[in-house]
Number of protein chains: 2
Amino acid sequence: MSREADYLAGYDPSRFPALLTTVDMAIFCIRDGKLHVLLVQRASFPARGEWTLPGGFVDPTGDINLEATAGRKLTEKTGVMTPYLEQVCSVGNSTRDPRGWSITVLYFALIDQAAVAPGNADVEAVQWVPLEEALDQTLAFDHCELLRRATRRLRAKARYSALPLKLLPSQFTLAELQQVFEVLLGAKLERKSFRRRILSANLLEETGRLQPTSRRPAMVYRLIREVDEDFAFPGLIHSKPSEL
Amino acid sequence: MSREADYLAGYDPSRFPALLTTVDMAIFCIRDGKLHVLLVQRASFPARGEWTLPGGFVDPTGDINLEATAGRKLTEKTGVMTPYLEQVCSVGNSTRDPRGWSITVLYFALIDQAAVAPGNADVEAVQWVPLEEALDQTLAFDHCELLRRATRRLRAKARYSALPLKLLPSQFTLAELQQVFEVLLGAKLERKSFRRRILSANLLEETGRLQPTSRRPAMVYRLIREVDEDFAFPGLIHSKPSEL
DNA sequence: TAAATAGTGTCTCTCAGACAGTATGGG
DNA sequence: CCCATACTGTCTGAGAGACACTATTTA
């Protein structure tokens, strides 16, 4: 075992070719009934002035793990502290970054739009963009492809999980929740079936009554137990898949 | 734009703290009606002599992308060239490797046990281990946790996708296929329901007749179209989840 | 009272589970 | 002929879709 200690003492990581290692994030929220994603404008080379997903290098001295890097980036850009954060995939090759062989670990975050610190987004070159526009415009590096992957994952999960809850504040009506699902799935859902499934999952509990947004007030619900990454209820998976 | 070229010419990646970047693999096959995973014994420090998942450093000069690294490792250990390969997740933190902050990208591979080159496994310190044993025994680094994650992904996919097909040769009977699903799900499936779902997915076509394994011969099927990562059929998802 | 949205009753259709029945081979 | 396994027929119950119905608010 002292031989292993000797080995480690003499180990020099910089002998190996350096790989650029970053974390990139697709931060989603709902605004005006549409899915939006946060984009930032690069301040320095490479791709200076172009728009990208927020992200940056892993800091081995400050970040205890990859998720901490992602959380740090998210808080820097939005002020949100405890979002839903999920790793999507990693992409690594020799061509995606002109500086050399690079790897990025892609996360997506779901946040309640109301929880975003309003100041930051105007000071920095940061903006919320409707998803379709973001996918149309040419993002730097391979960030269009990254955004597509994050979107596909999010939409797939909307078909069988309670994940879209994370795009709402802690109290909400079923109509609001249904609308979020409809935005993600790109399809209208049957009201009765939706209520049946959501309520029979024993995920929500009633509270009081709500602001009369238009006519009859709706019951306000809150989450009764935490929605983890693996939670799935049967049913929504049968909805037809949405376009793209 | 020449300023960007200047920037790139003067860019030195080694200014940044080095991160150890590896790819690890959970290579699964079915042997004797049980799910097995390939383990290797480490030949050098750190953790010399201990068992791990096969894996190794990304080679920026040889591998064009992460999947190429994974494919290279797989072929080295098994001789299999075109397996089903799927990225599970990446784990990066400061504690998982004694040499420093390290990231691993985890893949799993599904192969037909009959396609494995038989020679290699005996020469090297490589062995197929029943999954339960592998999870029980103490693997080096965080490889127990990695193996658990790969297993969870595989088992989850067996509930709604046609993925388990990749554990069989190109021709197979429905009884064999059902047995693979049962092994992965850890539960008996209803024969009639299973046949209904598989056949109504229009994935298989009939061929001729088969060896009388025991009594009445069974129809041999083959895949009619490729099963990609996202293919899902309704139904199997309702099966009760298996233990662990 | 009209309009608009919240929420319910209930029919039907699809499909998975169950299980008994039939088919086809080897000993 | 018996047995074991392959495969089918068919009943039943759960749950999603459809849609008309009632309830409760504002204007």
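This section reports on the structure supplied with the text. (Residues numbered from 1 in each chain as written. Chains lettered and ligands numbered in written order. Predicted model: local features only at pLDDT ≥ 70, side-chain atom pairs only at ≥ 80, totals over all residues. Heavy atoms only, no water.)

**A look at the overall build of chain A**
For clarity, the cut-off: Each helix is a run of H or I in the DSSP string that is no shorter than four residues. Each strand is a run of E no shorter than two, and both are numbered from the N terminus. For the exposure calls, accessible area comes from a 1.4 Å probe over protein chains only, and a residue counts as buried if that area is under 20% of its type's maximum, exposed if over 50%, partly exposed in between.
The helix and strand inventory of chain A stands at seven helices and ten strands. The buried share of chain A, reckoned over its 244 residues, is 49%.

**Structural notes on the packing of aromatic side chains**
All names here are of chain A. The line we're drawing: Classification of ring pairs rests on two measures: the distance between centres of Phe, Tyr or Trp rings, Trp counted by its six-membered ring, which must be within 6.5 Å, and the angle between planes, read as stacked under 30 degrees, edge-to-face over 60 and tilted in between.
Applying the stated rule across the entire model yields six aromatic pairs over all chains. Taken together, a centroid distance of 5.3 Å and an interplanar angle of 65° make the contact between phenylalanine 181 and phenylalanine 194 edge-to-face. Here phenylalanine 181, found in helix 6 (residues 174-185), pairs with phenylalanine 194, found in helix 7 (residues 191-200); they are 13 residues apart in sequence, far enough to count as distant. Here phenylalanine 194 falls in the buried class, since its relative accessible area comes to 0%.

**Focus on the protein's contact with DNA strand D**
Stated precisely, the cut-off is as follows: Neighbouring residues are identified by heavy atoms, a residue being near a molecule or strand if any of them is within 4 Å of it. Contacts described as polar in this section are N or O atom pairs within 3.5 Å, which, within protein, must combine one atom able to donate a hydrogen with one able to accept it, while residues neighboring in sequence count only if both atoms come from side chains. Only Asp, Glu, Lys and Arg are considered charged in this grouping, and only Ala, Val, Leu, Ile, Met, Phe, Trp, Tyr, Cys and Pro are considered nonpolar; every other residue, Gly among them, is considered polar.
If you check the shell around DNA strand D, you find 21 residues, and the closest are Arg215 and Arg216 of chain A together with Arg191, Lys192 and Arg216 of chain B. When atoms of DNA strand D within 4 Å of the protein are split into backbone and base, the sugar-phosphate part holds 51%. Arginine 191 of chain B is positioned such that a nitrogen or oxygen atom in its side chain is 2.6 Å from a base nitrogen of DNA strand D. For DNA strand D, a base nitrogen lies 2.7 Å from a polar atom in the side chain of arginine 216 of chain B. The set of elements that each furnish at least two residues to the surface near DNA strand D consists of helix 7 of chain A together with helix 7 (191-200) of chain B. Class assignment for the residues of the surface near DNA strand D results in six nonpolar, three polar and twelve charged.

**Some points on a positive patch on the surface**
Residue and element names in this part refer to chain A. Rules: Only residues whose relative accessible area exceeds 30% and that take part in no salt bridge are eligible for patches, with like-charged residues grouped when within 9 Å of each other and nonpolar side chains (Val, Leu, Ile, Met, Phe, Trp, Tyr) grouped when within 5 Å. Only the protein chains shown count as cover for residues, with accessible areas throughout obtained via the Shrake-Rupley method and a probe of 1.4 Å. Here a salt bridge means any side-chain nitrogen of Lys or Arg lying within 4 Å of a carboxyl oxygen belonging to Asp or Glu. Charged residues are defined here as Lys and Arg on the positive side and Asp and Glu on the negative side; His and the ends of the chain fall outside this count. Each charge is placed at NZ for Lys, CZ for Arg, CG for Asp and CD for Glu.
Among the surface-exposed residues, Arg191, Lys192, Arg195, Arg196, Arg209 and Arg216 lie close enough to one another that they form a single positively charged patch. Per-element tally for the positive patch: the top contributor is helix 7, with four residues. Its place among the elements puts arginine 196 in helix 7.

**A word on the pattern of salt bridges**
Per the counting criterion, the structure on display carries 26 salt bridges over all chains. For glutamate 76 of chain A, the salt bridge is made with arginine 72 of chain A, and the minimal N-O distance between the two is 3.5 Å. On the criterion of helical spacing, the pair formed by glutamate 76 of chain A and arginine 72 of chain A is a turn pair, its members being four residues apart in helix 2 (residues 66-78). When its relative accessible area of 27% is taken as the criterion, arginine 72 of chain A is described as partly exposed. The residue aspartate 63 of chain B makes a salt bridge to arginine 72 of chain B at a minimum N-O spacing of 2.8 Å. The class of aspartate 63 of chain B is buried, set by a relative accessible area of 5%. Via salt bridges that share partners, Asp63, Arg72, Lys73 and Glu76 of chain A belong to a single interconnected network.

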